[in-house]
Amino acid sequence: MSDAEEAIRLWFPVSRCEEIVPRNVVQTELLGQEAALWRDDLGFVNAWENRCPHRGVRLSIGLNTGSELRCQYHGWWYASITGQCTYIPAHPGQKPPNVIKTKRYGCAEQYGFIWINLGDQPDAAAVPVLQLDSYTTMRSVFTQAPVDLVAQSLIEAHNFEPATSAGNYILETTGPGEKSVLLLQPMNAEQTVIHGLIPSLVRDADRLSVLRQFNGRVSEMRDAIERAAA
Amino acid sequence: MPEGSGVESALWDDWHVVAEIAELTRLGRIATQLLGFSLVVELDNRSVIPSVDLESGGVAPAKVKYGYVWVCLGTPNRDIVDFPECADRDRWIVNAGSFGVAVSGLRAVENFLDMSHLAFVHAGYLGEEPHTEVPKYKVATLPDGGIVATDCKFYQPLASPVATEGFDVDYVYRIVRPYTIMLHKANPIDPSRSDMIALFVQPVSEERCVVHMLLAYLKDELTEAAVRQFAQMIFNQDKPILENQLPKRLPLNPRAEVPIRADAASAAYRRWLHEGDIRYGAIPHDLGV
Ligand code: FES
Ligand SMILES: [Fe+2]
C-alpha cells in the first residue's frame, strides 16, 4: 500500500475545537481534499467534502443555520449529522430524493482538536491515543513545505521524535521534562499545518506568555523548514 | 486545426470575442489569451480592422462586430453569430462590460442559463424569497445546433433598471455556440417586445474566462450608463459563486453533479456539449466523474 493510500485511512487534526464555533463554516484541506467544517447548535461537528452535490459550489461559503447548512448558490438545505438534502427551493412542494446527500468524512473531537478521516470506514476508536492527563492547545502554524520534509526537519534539527508508533505525523520533544507535542496535518503535496499542544493545563495568568513563547518557537522552526524546502 | 493546438475544431475554427472595440481604440493595443494561446490585438490608425499577432509569430483573422473584436485562431468555418435585434433603431446596443472569472467559460454559460439561483445570488433584484419555485419549462434543440429553453417564467422584484415593482418575467434562453448564450426577456414597459442580453464568453484557458456582455435594450427612460452599472452589479454577484465551483471545469458526466427538474436546460447543455465532443473547459465522460 502506498503512503497516500495508507494516509487516507488515518485520522488527522484539522482545526482546534474552539475555532469551530456555532453558526459558522470553516474550510480546511487534508491530503488534497477540501472539507467544510461546521458545528450545529447541539454541538455536533460535521466534516463534509467541500462541494455541494448539486453544482459543486464550496459548502464552506454556505450558511450554518444551527441545524442545517444552506448552499449559497441555489439555497439547498443539508441536515446536520446525516448530510441529507432536506429542501430544494426550486421545487418547494417536493421532498428531495434520498440519494441527494453531502459526502461526509469521519469526524471526532479529541485533545482539543477536530480530527477527520477521509476513508470509507472511519473508525473513531482509531483516533491516535496520546498519553495526556490534561493539555492546552497552541496556535496552529501554516507551513509551505511537504509533510515528510516538515517531520524530517523536526526530528533531525529540532529535537523531536515520533510520539506514537503510528508514524511521523505526531511528534514530541525528546529528553526529560515537560514535552511539547506537534501534530502534522498534510494539506496537500506542498503544504502542512503544524498543530501544537502542551501536556498540562496552563493557568490563565500564564496563558498569554506560554502561547507567545510556543508560537515564537514553532514559527522559527517553520521559517527554517521553509528555507530548507525552498 | 494546427498541429498540437489540441483544441477541437468546433472552437478552434470559430470566432471568439477578445476585446471591446472602444477599449482597443482607447488603448491602441491589447494583449490577451484565447484557448490557451497568447495574442496581441492592435489597431492601426488607418484601419478599423485590428491585426492579431500570435505568440507563435503568425497572424490571425479579426473582425469587428457588435462593438467587439472577434478573432479566429484557425480557419473560420462559420460566420459570427447573428443578432437581428442589433439592427433595431429603437434599441440601445450596449457593451455592458467584460468580466474576468477564474472558472471554465462553460460554467459561466451554465450559470447564465440558471433560473434557480436568481432568488439567492441576485436576491432583491432578479429574484427573492419566498418566490423560489422554478415552474416547468420547455427545452429543445435548435435547428442549427444548440439549445433553446422556452416558457421560462420567474418572479423578479427588480428585473431591470427601469422596473419599479416585482412581476413574473418571461424568458427565452438560447445557447447558440458552446461559449455563446443569449437571453430574451420581456420588456418591463412593453411586454410585447423583449430585451436581449448576450454573453460571449472568451475561453482564456480551460479554467479561466472573460465574459463579454452585450445588451440590446429598448430605449426607455434608460441611460447607457445605468444599463452598464446594473449589469456590472449583477455580474459581481455571480463572480464569487462561479469562482467557488469545484472542479473549475464543467463535468459532462450526468452523474458527476445531481440535476433536478429545474436544471433541464443545464442538463441539455451538458448533453449537447458531450454529443458535440466539446472538451475544452469540460471534464468529458471518459475522464470519469
Ligand atoms: S450548487 Fe449548491 S444548491 Fe446548487
Ligand atoms: Fe447570475
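Thresholds applied
- Residues numbered from 1 in each chain as written.
- Chains lettered and ligands numbered in written order.
- Predicted model: local features only at pLDDT ≥ 70, side-chain atom pairs only at ≥ 80, totals over all residues.
- Heavy atoms only, no water.
- Helix = DSSP H or I, 4+ residues; strand = E, 2+ residues; numbered from the N terminus.
- Rg over C-alpha atoms; globule rule 2.2 N^0.38 Å.
- Contact = heavy atoms within 4.5 Å.
- Areas by Shrake-Rupley, 256 points an atom, 1.4 Å probe, with all protein chains shown as cover.
- Lys, Arg positive; Asp, Glu negative; His and termini not counted.
- Charge placed at Lys NZ, Arg CZ, Asp CG, Glu CD.
- Axes fitted to C-alpha atoms, helices over the stretch in contact; angles between N-to-C directions.
- Parallel < 35°, antiparallel > 145°, perpendicular 65-115°, else oblique.
- Left-handed = near helix turned anticlockwise from the far one by under 90°.
- Nonpolar A, V, L, I, M, F, W, Y, C, P; charged D, E, K, R; others polar.
- Pairing = 2+ DSSP bridges.
- Disulfide = S-S within 2.5 Å.
- Buried < 20%, exposed > 50% of the residue type's maximum accessible area, 1.4 Å probe, protein only.
- 1 Å grid on protein atoms, 1.4 Å probe; cavity = no way out; pocket = protein on both sides within 12 Å on 5 of 7 lines; lining within 4 Å.
- Points joined across faces, edges and corners; volume = space filled by probe spheres on them.
- Domains from an automatic or database assignment.
- Phe/Tyr/Trp six-rings, centres within 6.5 Å; stacked < 30°, edge-to-face > 60°.
- Buried area = accessible area lost by both parts, 1.4 Å probe.

**Here we look at the overall build of chain B**
1) Next: Of the regular secondary structure elements, chain B holds six helices and 16 strands.
2) Next: Relative to the globule expectation of 19 Å for 289 residues, the C-alpha radius of gyration of chain B, 19 Å, shows essentially globular dimensions.
3) Next: A principal-axis box enclosing the C-alpha atoms of chain B has dimensions of 55 × 50 × 35 Å.
4) Next: Restricting to contacts in chain B with at least 6 residues of sequence separation, those with at least 24 account for 61%.
5) Next: Only carbon and sulfur atoms are counted for the fraction: they give 51% of the accessible area of chain B, which is about 12500 Å².
6) Next: Once the 27 positive and 39 negative side-chain charges of chain B are each reduced to a mean point, those two points are 1 Å apart.

**Focus on the packing of helix 2 (residues 147–157) of chain A against helix 3 (residues 204–229) of chain A**
All names here are of chain A.
1) Next: It is at 10 Å that the axes of helix 2 and helix 3 come closest, and there the two elements cross at 120°. The pairing of helix 2 with helix 3 is recorded here as oblique in orientation. Seen from above, helix 2 lies across helix 3 with right-handed handedness. In this structure, helix 2 contributes Leu 149, Val 150, Ser 153 and Leu 154 to the contact, and helix 3 contributes Met 221, Ile 225 and Ala 229.
2) Next: Counted by class, the contact of helix 2 with helix 3 contains six nonpolar, one polar and no charged residues.

**A word on the sheet that holds strand 1 (residues 12–16) of chain A**
Strand pairs in the sheet, formed through backbone hydrogen bonds, run parallel or antiparallel to each other.
Residues and elements named next belong to chain A.
1) Next: Taken together, three strands build an open sheet; the order of strands is 1-10-9 and the sheet is antiparallel. Of all strands in the sheet, those bounded by a partner on one side alone are strand 1 and strand 9 (106–110). Averaged over all adjacent pairs, the angle separating strand axes in this sheet is 30°, with direction ignored.

**Looking at the state of the cysteines**
1) Next: Taken as a whole, this structure holds zero disulfides over all chains when the rule is applied.
2) Next: Cys 107 of chain A provides the cysteine sulfur closest to Cys 17 of chain A, a residue in no disulfide bond, and the two sulfurs are 8.8 Å apart.
3) Next: By relative accessible area, Cys 17 of chain A is classed as buried at 14%.
4) Next: Cysteine Cys 72 of chain B is unpaired, with the sulfur of Cys 209 of chain B as its nearest cysteine sulfur at 20 Å.
5) Next: Taking relative accessible area as the criterion, Cys 72 of chain B reaches 0% and is therefore assigned buried.

**Concerning the layout of surface pockets**
Residue and element names in this part refer to chain A.
1) Next: Considering only enclosed or pocket space, the largest pocket measures out at about 280 Å³ in volume.
2) Next: Lining the largest pocket are 15 residues, and of these Asp 3, Ala 7, Leu 31, Val 147 and Tyr 169 lie nearest its centre.
3) Next: Tallied by class, the residues present in the lining of the largest pocket amount to 11 nonpolar, one polar and three charged.
4) Next: No fewer than three residues from each of domain 1 (3–126) and domain 2 (136–229) sit in the lining of the largest pocket.

**Side note on empty space enclosed by the protein**
Residue and element names in this part refer to chain B.
1) Next: Following the criterion strictly, the structure yields three cavities of 30 Å³ or more and no others.
2) Next: Volume-wise, the largest cavity comes out at about 320 Å³.
3) Next: Together, 26 residues line the largest cavity, and Phe 112, Leu 126, Leu 183, Ile 197 and Ile 234 are the ones closest to its centre.
4) Next: For the lining of the largest cavity, the secondary-structure elements that each account for two or more residues are helix 3 (105–112), strand 11 (167–177), strand 12 (180–186), strand 13 (194–205), strand 14 (208–218) and helix 5 (224–242).
5) Next: Broken down by element, the residue count for the lining of the largest cavity peaks at seven residues, all from helix 5.
6) Next: Class assignment for the residues of the lining of the largest cavity results in 20 nonpolar, three polar and three charged.
7) Next: Estimated volume of the second largest cavity: approximately 90 Å³.
8) Next: Along the walls of the second largest cavity sit 13 residues, with Trp 15, His 16, Arg 177, Tyr 179 and Thr 180 positioned nearest its centre.
9) Next: At the level of elements, strand 1 (16–20) and strand 13 are the ones that each hand at least two residues to the lining of the second largest cavity.
10) Next: Of the residues belonging to the lining of the second largest cavity, the class tally is nine nonpolar, two polar and two charged.
11) Next: Domain assignment of the residues forming the lining of the second largest cavity places at least three in each of domain 1 (9–71) and domain 2 (84–287).

**Topic: the packing of aromatic side chains**
When we look at a pair of aromatic rings, we describe it by the centre distance and by the angle of the planes.
All names here are of chain B.
1) Next: Within the structure shown, the criterion is met by 16 aromatic pairs over all chains.
2) Next: Pairing Trp 12 with Phe 37 gives two aromatic rings, centres 5.2 Å apart and planes at 65°, and the pair type is edge-to-face. Residue Trp 12 is found in helix 1 (residues 9–12), and its partner Phe 37 is found in strand 3 (residues 37–42); the two are separated by 25 residues along the sequence.
3) Next: By relative accessible area, Trp 12 is classed as buried at 5%.
4) Next: Residue Phe 37 is classed as partly exposed on the basis of its relative accessible area of 28%.
5) Next: Where Phe 83 meets Phe 200, the ring centres are 5.6 Å apart and the plane angle is 50°; that geometry is what we call tilted. Note that Phe 83 is positioned in the loop between strand 7 (68–71) and strand 8 (91–101) and Phe 200 in strand 13, a separation of 117 residues in sequence.

**A word on the domain arrangement of chain A**
Residue and element names in this part refer to chain A.
1) Next: What the domain assignment lists for chain A is domain 1 (3–126) and domain 2 (136–229).
2) Next: Placing the centre of domain 1 and that of domain 2 at their C-alpha centroids yields a distance of 27 Å.
3) Next: With 17 residues of domain 1 at the contact, the number on the domain 2 side is 15 residues.
4) Next: Counting each side, the surface lost to burial between domain 1 and domain 2 is near 1200 Å², with a carbon and sulfur contribution of 60%.

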